[in-house]
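Below are the chains, spelled out letter by letter.
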Amino acid sequence: NAGVMQNPRHLVRRRGQEARLRCSPMKGHSHVYWYRQLPEEGLKFMVYLQKENIIDESGMPKERFSAEFPKEGPSILRIQQVVRGDSAAYFCASSPGTGELFFGEGSRLTVL
Amino acid sequence: GENVEQHPSTLSVQEGDSAVIKCTYSDSASNYFPWYKQELGKRPQLIIDIRSNVGEKKDQRIAVTLNKTAKHFSLHITETQPEDSAVYFCAASKGNTDKLIFGTGTRLQVFP
């Protein structure tokens, strides 16, 4: 059973470009969570999704950020018009709905 | 919303000594308390968790205690080894599908 798969592992964008981060949950998991981690800091909750539904987006910035988890395919975190402050590691986690979160290896975004 | 505080931010111990990390939470409805270990550049990995219906749980050299009245929980690592060096995060949630709120992390260094 493969773990949570995230890609790309590293992404470099120039200011103003778009970043798309993808996450495939563990087999049998229908709950996906996105977290952001700045260098030397903790994990900040961004959004919780189930298939075709955003359940909790209380941690998402109001502008430029969006997330989806379509019926088919991976969950996607999209950042439009990136700025230097968006540089961070973005971790996806999936859960079978029992509380435990299993994290992917993260996508490290660098904005030049 | 839930707020989790974690202390200390850094901890240095000699190999073989014990290490204790403490967390407090604010939401009395929280009932699931996991601990994650994150090595440099890697994903957070679940090492132990406890639910509010028990006061203590142990797994080999790692133990977690929970005091619901005081709203705090602690991680205890005995007989520390250099490979225990990492950043440890506590977290809290209302369980099942609720998001995890993380503490700010403790950087543990174990010196040989």
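Before reading on, note that the structure itself is shown above.
All figures in this text were calculated on a predicted structure; none of them were measured in a lab. (Residues numbered from 1 in each chain as written. Chains lettered and ligands numbered in written order. Predicted model: local features only at pLDDT ≥ 70, side-chain atom pairs only at ≥ 80, totals over all residues. Heavy atoms only, no water.)

Asks: An account of the state of the cysteines is needed here, citing residue identities and associated values.
Replies: According to the stated counting rule, one finds 2 disulfides over all chains in the structure shown. In this model, A:Cys23 is linked to A:Cys92 through a disulfide, with the two sulfur atoms separated by 1.8 Å. Its torsion about the S-S bond being -55°, the disulfide of A:Cys23 and A:Cys92 is classed as left-handed. Residue A:Cys23 is found in strand E3 (residues 19-24), and its partner A:Cys92 is found in strand E9 (residues 88-95); the two are separated by 69 residues along the sequence. Residue A:Cys23 shares its accessibility class with A:Cys92, and that shared class is buried. A sulfur-sulfur distance of 1.9 Å marks the disulfide that ties B:Cys23 to B:Cys90. (Disulfide = S-S within 2.5 Å. Helix = DSSP H or I, 4+ residues; strand = E, 2+ residues; numbered from the N terminus. Buried < 20%, exposed > 50% of the residue type's maximum accessible area, 1.4 Å probe, protein only.)

Asks: Let's hear about the environment of A:Arg13: which residues, and what values?
Replies: All names here are of chain A. Looking at the element boundaries, Arg13 is found in strand E2 (residues 10-13). Arg13 sits in the partly exposed class, given a relative accessible area of 25%. Beyond its immediate stretch of four places on either side in the chain, Arg13 contacts Glu18, Ala19, Val82, Leu109, Thr110, Val111 and Leu112. A distance of 2.8 Å separates the side chain of Arg13 from the backbone oxygen of Glu18, its partner in a polar contact. (Contact = heavy atoms within 4.5 Å. Polar contact = N/O pair within 3.5 Å; in protein donor to acceptor, adjacent residues only side chain to side chain.)

Asks: Kindly report on unusual backbone geometry, identifying the contributing residues and their values.
Replies: Of the consecutive residues A:Asn7 and A:Pro8, the connecting peptide bond is found in the cis state with omega at 0°. Relative to the elements of secondary structure, A:Pro8 occurs in the loop between strand E1 (5-7) and E2. With an omega of -5°, the peptide bond running from B:His7 to B:Pro8 counts as cis. Tracing the backbone shows B:Pro8 in the loop between strand E1 (4-7) and strand E2 (10-14). Although it is not a glycine, A:Glu52 adopts a positive phi angle of roughly 65°. Position of A:Glu52 among the secondary structure elements: in the loop between strand E5 (43-50) and strand E6 (53-56).

Asks: Residues and numbers for the sheet that holds strand E7 (residues 65-68) of chain A, please.
Replies: Residues and elements named next belong to chain A. The antiparallel open sheet is built from 4 strands, whose spatial order is E1-E3-E8-E7. For this open sheet the edge positions go to E1 and E7, each flanked by a neighbour on one side alone. The mean inter-strand angle of the sheet, taken between neighbouring strand axes irrespective of direction, is 15°. Here E3 runs beside strand E8 (residues 75-79); their pairing, made up of 5 bridges, is antiparallel. (Pairing = 2+ DSSP bridges. Axes fitted to C-alpha atoms, helices over the stretch in contact; angles between N-to-C directions.)

Asks: Can you explain the pattern of salt bridges? Please cite residues and give values.
Replies: All names here are of chain B. Counted according to the given criterion, the structure contains 11 salt bridges over all chains. In this structure, Lys37 engages Glu39 in a salt bridge whose closest nitrogen and oxygen atoms are separated by 3.6 Å. Assessed through its relative accessible area of 18%, Lys37 is described here as buried. As a salt-bridge pair, Asp84 and Arg61 come within 2.9 Å of each other at their nearest N and O atoms. (Salt bridge = Lys/Arg side-chain N within 4 Å of Asp/Glu carboxyl O.)

Asks: Pulling in residues and values, what's your account of the nonpolar core?
Replies: Among the nonpolar cores identified, the biggest contains 24 residues, and B:Trp35, B:Phe73, B:Leu75 and B:Leu108 are the most heavily contacted of them. Of all the elements in the fold, those that place two or more residues in this core are E2, strand E3 (19-25), strand E4 (32-38), strand E5 (45-51), strand E7 (62-67), strand E8 (72-77), strand E9 (86-92) and strand E11 (106-111) of chain B. Counting 23 residues, the second largest nonpolar core, distinct from the first, contains A:Met46, A:Val47, A:Phe65 and A:Leu109. (Core = buried A, V, L, I, M, F, W, Y, C linked by side-chain atoms within 4.5 Å.)

Asks: Any details on the packing of aromatic side chains? Residues and values, ideally.
Replies: The final tally for this structure, using the stated rule, is 13 aromatic pairs over all chains. Ring centres of A:Phe91 and A:Phe103 lie 6.4 Å apart, and the angle between their planes is 80°; this geometry places the pair in the edge-to-face category. One end of the pair, A:Phe91, is in strand E9; the other, A:Phe103, is in strand E10 (residues 102-103), and 12 residues separate them in sequence. This pair shows no difference in class: A:Phe91 is buried, exactly as A:Phe103 is. By the ring-pair criterion, three or more aromatic residues cluster together here, those being A:Tyr35, A:Phe45, A:Phe91, A:Phe103, B:Tyr36, B:Phe89 and B:Phe102. Seen from the ring of A:Phe45, B:Lys99 lies directly overhead, with NZ or CZ sitting 5.3 Å from the centre. (Phe/Tyr/Trp six-rings, centres within 6.5 Å; stacked < 30°, edge-to-face > 60°. Lys NZ or Arg CZ within 6 Å of the ring centre and 35° of its normal.)

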